[in-house]
Every structure is written in structure tokens, then in C-alpha cells.
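Residue-level structure breakdown
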Amino acid sequence: VSESNNEKLVQGLRERLDIVNARLSDVAELRVEAESADSREEIKQLARKLRESWRGTKTDLEESGGYALASRFSFVIERSEALEKRLNNVLQRLSEQGIDVSIVEEDVESFKQHIERSKLLVEQAKAKFAEAKEGQTSVKVKEGHQLLVEAHAELKLAHKDLKSIVAELKGLGAEEEL
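Residues numbered from 1 in each chain as written. Predicted model: local features only at pLDDT ≥ 70, side-chain atom pairs only at ≥ 80, totals over all residues. Heavy atoms only, no water.

A few points about the overall build of the protein
The helix and strand tally for the protein stands at four helices and zero strands. Taking 2.2 N^0.38 as the reference for a compact globule, 178 residues should give roughly 16 Å; the C-alpha atoms of the protein span a radius of gyration of 24 Å, well beyond that estimate. Counting only residues that meet the buried cut, the protein has 32% of its 178 residues in that class. Put simply, of all contacts in the protein between residues at least 6 apart along the chain, 77% involve residues at least 24 apart. Summed over its atoms, the accessible surface of the protein is roughly 11,400 Å², and 51% of this surface lies on carbon and sulfur atoms. Between the centroid of the 29 positive side chains of the protein and the centroid of its 36 negative side chains there is a distance of 6 Å. (Helix = DSSP H or I, 4+ residues; strand = E, 2+ residues; numbered from the N terminus. Rg over C-alpha atoms; globule rule 2.2 N^0.38 Å. Buried < 20%, exposed > 50% of the residue type's maximum accessible area, 1.4 Å probe, protein only. Contact = heavy atoms within 4.5 Å. Areas by Shrake-Rupley, 256 points an atom, 1.4 Å probe, with all protein chains shown as cover. Lys, Arg positive; Asp, Glu negative; His and termini not counted. Charge placed at Lys NZ, Arg CZ, Asp CG, Glu CD.)

A short note on the nonpolar core
Ranked by size, the top nonpolar core spans 27 residues in total, and within it Leu91, Val104, Val122, Leu148, Ile165 and Leu169 carry the most contacts. Of all the secondary-structure elements, those providing two or more residues to this core are helix 2 (40-96), helix 3 (102-132) and helix 4 (137-171). With sequence-adjacent residues up to four places away left out, valine 104 is seen in contact with Leu91, Ile165, Glu168 and Leu169. (Core = buried A, V, L, I, M, F, W, Y, C linked by side-chain atoms within 4.5 Å.)

Here we look at the packing of helix 3 against helix 4
At a minimum axis separation of 8 Å, helix 3 and helix 4 run at an interaxial angle of 165 degrees. Compared by their axis directions, helix 3 and helix 4 come out roughly antiparallel. Note that helix 3 runs across helix 4; the crossing there is left-handed. Classifying every residue of the contact of helix 3 with helix 4 gives 20 nonpolar, eight polar and ten charged. (Axes fitted to C-alpha atoms, helices over the stretch in contact; angles between N-to-C directions. Parallel < 35°, antiparallel > 145°, perpendicular 65-115°, else oblique. Left-handed = near helix turned anticlockwise from the far one by under 90°. Nonpolar A, V, L, I, M, F, W, Y, C, P; charged D, E, K, R; others polar.)

Observations concerning the environment of alanine 132
For alanine 132, the location among the structural elements is in helix 3. Accessibility expressed as a relative area gives 0% for alanine 132, which makes it buried. With eleven residues separating them in the primary sequence, alanine 132 and glutamate 143 have C-alpha atoms 9.8 Å apart.

Remarks on the environment of leucine 17
Within the element layout of this structure, leucine 17 appears in helix 1 (residues 3-35). By relative accessible area, leucine 17 is classed as partly exposed at 48%. The sequence separation of leucine 17 and aspartate 60 amounts to 43 residues, and the corresponding C-alpha distance is 8.7 Å.

Brief notes about the environment of serine 102
Within the fold, serine 102 resides in helix 3. Among the polar contacts made by the side chain of serine 102, one reaches the side chain of aspartate 100 at a distance of 2.8 Å. (Polar contact = N/O pair within 3.5 Å; in protein donor to acceptor, adjacent residues only side chain to side chain.)

Comments concerning a negative patch on the surface
Taken together, Asp26, Glu29, Glu33, Asp38, Glu41 and Glu42 make up a surface patch of like negative charges. Here the negative patch gets three residues from one element, more than from any other, and that element is helix 1. Assignment of secondary structure puts aspartate 38 in the loop between helix 1 and helix 2. Classification of aspartate 38 as exposed rests on a relative accessible area of 73%. (Patch = residues over 30% accessible without salt bridge, like charges linked within 9 Å, V, L, I, M, F, W, Y side chains within 5 Å. Salt bridge = Lys/Arg side-chain N within 4 Å of Asp/Glu carboxyl O.)

Let's talk about the packing of helix 2 against helix 3
Between helix 2 and helix 3, whose axes approach to 9 Å, the crossing angle comes to 155 degrees. Looking at the two axes, helix 2 sits roughly antiparallel to helix 3. At the point where helix 2 passes helix 3, the crossing takes the left-handed sense. Tallied by class, residues from the contact of helix 2 with helix 3 come to 13 nonpolar, six polar and seven charged.

Spelled out as C-alpha cells, the structure:
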């Protein structure tokens, strides 16, 4: 991940950690209040507050996990884009040497499409996690996680295409270029 993206990730995770820590301190305060509660009604009210706090903490943790995963996917996508550039350079050198690389063009195009689709899905997931802060948190977090699952599937397909490309290029005798 680029340095600025890494800094943004760390800052975002610190903010989320601060929120979770604040909620946990609220839970600790509720515990103290529960120990000194005199009536059943007070205990019910404290239990209600505890459930609400726990739901919020759970959602915050899920959101943070999704945000961290999205950032890791961004790193993988950056690496894949670098591989794509390297692959284009290799294909250009092979073409200049007179080797027919048309048999891998379809796989290369498929690889590029999977990377672009994955990148789009990760950006959409990050947007969902950002929307989760504004309301409907559990719904937005679940949607964000589902987008990350789809992005992961796209990255798997891109990896499969890349393996196929490498195998075909090795079959052409272009091992030293790789």
C-alpha cells in the first residue's frame, strides 16, 4: 500500500479503536452501576443500555475489520496492477523478438478486467463502510463485506488467468523473460 494509504488506514483504525475503547469503558461503568443497583427496574434499564452498547461495539468491530480488509485488498490490487505493467513489458519484448504472443492476449485482457472489477468492488466496499458511520450500520457493513467477498472472487480469477498466462509463455520458451 502506498505510504499515504497506509497512513490513512492506520489513522482510520485508531479512530475506530478509540470508539471501541470508549464503548468498553461505558460497559465497565454500567457494570459498576449494576453492582450498586437497588431495584429490578434499574437492572433492566442497565441491561438495556448494555445491549445497546454491545450492539454498537460489535458493529464498530465489524466495520473496522471490513475497513482493514478493504485496505489489504487495495494493496493486492496495487501489486496486481504492477504485475500487469510488467506483463505488458514482457509481451512487448517478446513481440519485438518475433514471438507470437496473440495466444495470451485473451487471458491478459481477462486478467485486466478482473483486476479492474476487483478495484471497483473494493472502492464500493469502502464507501459502504464510510456510510455505515452515518446510520444503518449493520446493513451497510454486511453490504460492504459482501462486496469484499465478490472482490476476493475476482482476485482469485485474476490469479488463475495470471497462472495461465505464465504457463503459456513458458510453453513459448519465454522463461528467461519472466
